[in-house]
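Inside the fold
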Amino acid sequence: MTDQTRYVLLTGASRGIGHATVKLFQERGWRIFTVSRQPFSQECRWADAKESHIQADLSDLSGLRDLVDTVRQKLPDGKLHALVNNAGISPKGEGGRRLGVLDTDEFTWVNVLRVNLVSTALLSRYLFPELKKAGGSIVNVTSIAGSRVHPFAGAAYAASKAGLAALTREQAHEFAPQGVRVNAIAPGEINTSILSPDTHKIVETQIPMHRLGTPHEVAQAIYYLCSEQSSYINGSELQINGGQHV
């Protein structure tokens, strides 16, 4: 690796948007460290893929320091140029049913908030020295469900993503004076394997562009917010939904 090599840590890398983001950053010459609950998958191959993957459960907050220690050992000069918080869980009821407030138990609330919100805050706290040294960037992946009631995303998921949007503003306010920018992207209906069966109804009636977004389109936005092209963007939440939010 050269002195110009840039390093990114990506959580939630096992499928969909995570895969597309890994591929794009790798094409642009970045060194990627990935985190997911799943072990390394042969389906997600790239240079140094297996050695760059860290298996960790973000719902176990007590294990985050071990995760961070592993990342630090892999950074040759102590610089982390980007942290992309893409991990997220959206529990469903029987038959894929949406879980409202009356349907969501204590365990589900706590688990969703740990993975989707609290772990994100703690990772930025623990890795802040490395991000500061690199003049790095944080990108949090929120959701259109964080700003409106969604027919498929449950109450706990929506609340966690709304909280993540607020956390993004707090991080941006606190970290920018020390050289670390923080932004968010809020995807809408993206063509991944976890789409709900009735998503086509949203595409037909609520999205002005009348199509799904692609994981690559989301990855491009993430890359932009991690690059120098967005050097004066801080505290923003970029909507990626074909106009669904208007």
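Here is what the cut-offs are and how they apply
- Residues numbered from 1 in each chain as written.
- Predicted model: local features only at pLDDT ≥ 70, side-chain atom pairs only at ≥ 80, totals over all residues.
- Heavy atoms only, no water.
- Helix = DSSP H or I, 4+ residues; strand = E, 2+ residues; numbered from the N terminus.
- Rg over C-alpha atoms; globule rule 2.2 N^0.38 Å.
- Buried < 20%, exposed > 50% of the residue type's maximum accessible area, 1.4 Å probe, protein only.
- Contact = heavy atoms within 4.5 Å.
- Areas by Shrake-Rupley, 256 points an atom, 1.4 Å probe, with all protein chains shown as cover.
- Lys, Arg positive; Asp, Glu negative; His and termini not counted.
- Charge placed at Lys NZ, Arg CZ, Asp CG, Glu CD.
- Pairing = 2+ DSSP bridges.
- Axes fitted to C-alpha atoms, helices over the stretch in contact; angles between N-to-C directions.
- Parallel < 35°, antiparallel > 145°, perpendicular 65-115°, else oblique.
- Left-handed = near helix turned anticlockwise from the far one by under 90°.
- Nonpolar A, V, L, I, M, F, W, Y, C, P; charged D, E, K, R; others polar.
- Phe/Tyr/Trp six-rings, centres within 6.5 Å; stacked < 30°, edge-to-face > 60°.
- Lys NZ or Arg CZ within 6 Å of the ring centre and 35° of its normal.
- Core = buried A, V, L, I, M, F, W, Y, C linked by side-chain atoms within 4.5 Å.

A short note on the overall build of the protein chain
- Counting secondary structure elements, the protein chain contains eight helices and seven strands.
- Relative to the globule expectation of 18 Å for 246 residues, the C-alpha radius of gyration of the protein chain, 17 Å, shows essentially globular dimensions.
- With the C-alpha coordinates aligned to their principal axes, the bounding extent of the protein chain is approximately 50 × 40 × 40 Å.
- When the 246 residues of the protein chain are sorted by exposure, 50% land in the buried category.
- Counted over contacts in the protein chain with a minimum sequence separation of 6, partners at least 24 positions apart contribute 73%.
- Surface exposure of the protein chain reaches about 12200 Å², of which carbon and sulfur atoms provide 50%.
- Each charge sign in the protein chain was given a centre, from 25 positive and 23 negative side chains, and these centres are 3 Å apart.

Section: the sheet that holds strand β2 (residues 31-36)
- Within the open sheet, the seven strands sit side by side as β3-β2-β1-β4-β5-β6-β7. Their pairing is parallel. In the strand order of this sheet, the two ends are held by β3 (53-55) and β7 (237-240), each with one partner. The mean inter-strand angle of the sheet, taken between neighbouring strand axes irrespective of direction, is 15°.
- Here strand β1 (residues 7-11) runs beside β2; their pairing, made up of five bridges, is parallel. Considered in β2, the bridge of L10 is made with T34.
- The strands touched by helix α8 (residues 215-226) are β4 (82-85), β5 (137-141), β6 (181-187) and β7; relative to β6, the strand with the most contacts, the crossing angle is about 170°.

Describing the packing of helix α4 (residues 106-126) against helix α6 (residues 155-175)
- α6 packs onto α4 with a crossing angle of 15° between their chain directions and a minimal axis gap of 9 Å. Put simply, α4 runs roughly parallel to α6. Two packed elements cross with a definite hand, and for α4 against α6 that hand is right-handed. Only A155, A156, Y157, A159, S160, K161, G163, L164, L167, Q171 and F175 of α6 make contact with α4, whose side of the interface consists of W109, V112, L113, N116, L117, T120, A121 and S124.
- Looking at the contact of α4 with α6 residue by residue, the class counts come to twelve nonpolar, six polar and one charged.

A look at the packing of aromatic side chains
- Enumeration over the complete set of coordinates arrives at five aromatic pairs.
- Centroid distance F128 to F175: 4.7 Å. Interplanar angle 50°. Geometry classified as tilted. Here F128 is found in helix α5 (residues 128-134), whereas its partner F175 is found in helix α6, with 47 residues between them in sequence. An identical accessibility class is assigned to F128 and F175; each is buried.
- One aromatic cluster in this structure is built from F25, W30 and Y223.
- Sitting above the plane of the Y223 ring, R28 keeps its charged end 4.7 Å from the centroid.

What to know about the nonpolar core
- Residues L9 and L67 are the most contacted members of the largest nonpolar core, which totals 26 residues.
- Only β1, β2, α3 (64-74), α4, α5 and α6 provide two or more residues apiece to this core.
- The dominant element in this core, judged by the number of residues it contributes, is α3, at four residues.
- Apart from the residues within four sequence positions on either side, L67 is in contact with V35, I54, A56, L58 and L123.

Regarding the environment of L61
- Looking at the secondary structure, you find L61 in the loop between β3 and α3.
- Once you skip the residues sitting within four places of it in the chain, L61 turns out to touch R114, V118, S119 and L122.

Topic: unusual backbone geometry
- Although it is not a glycine, H210 sits at a positive phi angle of roughly 55°.
- Looking at where H210 falls in the secondary structure, it is placed in the loop between α7 (199-206) and α8.

Some thoughts on the side chain of T21
- Along the chain, T21 falls in helix α1 (residues 16-27).
- Once residues lying within four places of it in the same chain are set aside, the contact partners of T21 are L10, A219 and I222.

Some words on the pairing of β4
- Taking every second residue as pointing to the same face, both faces of β4 are buried, with A82 and V84 on one and L83 and N85 on the other.
- Note: β4 against β5, four bridges, orientation parallel. Bridging from a neighbouring strand, N85 pairs with N140 of β5.

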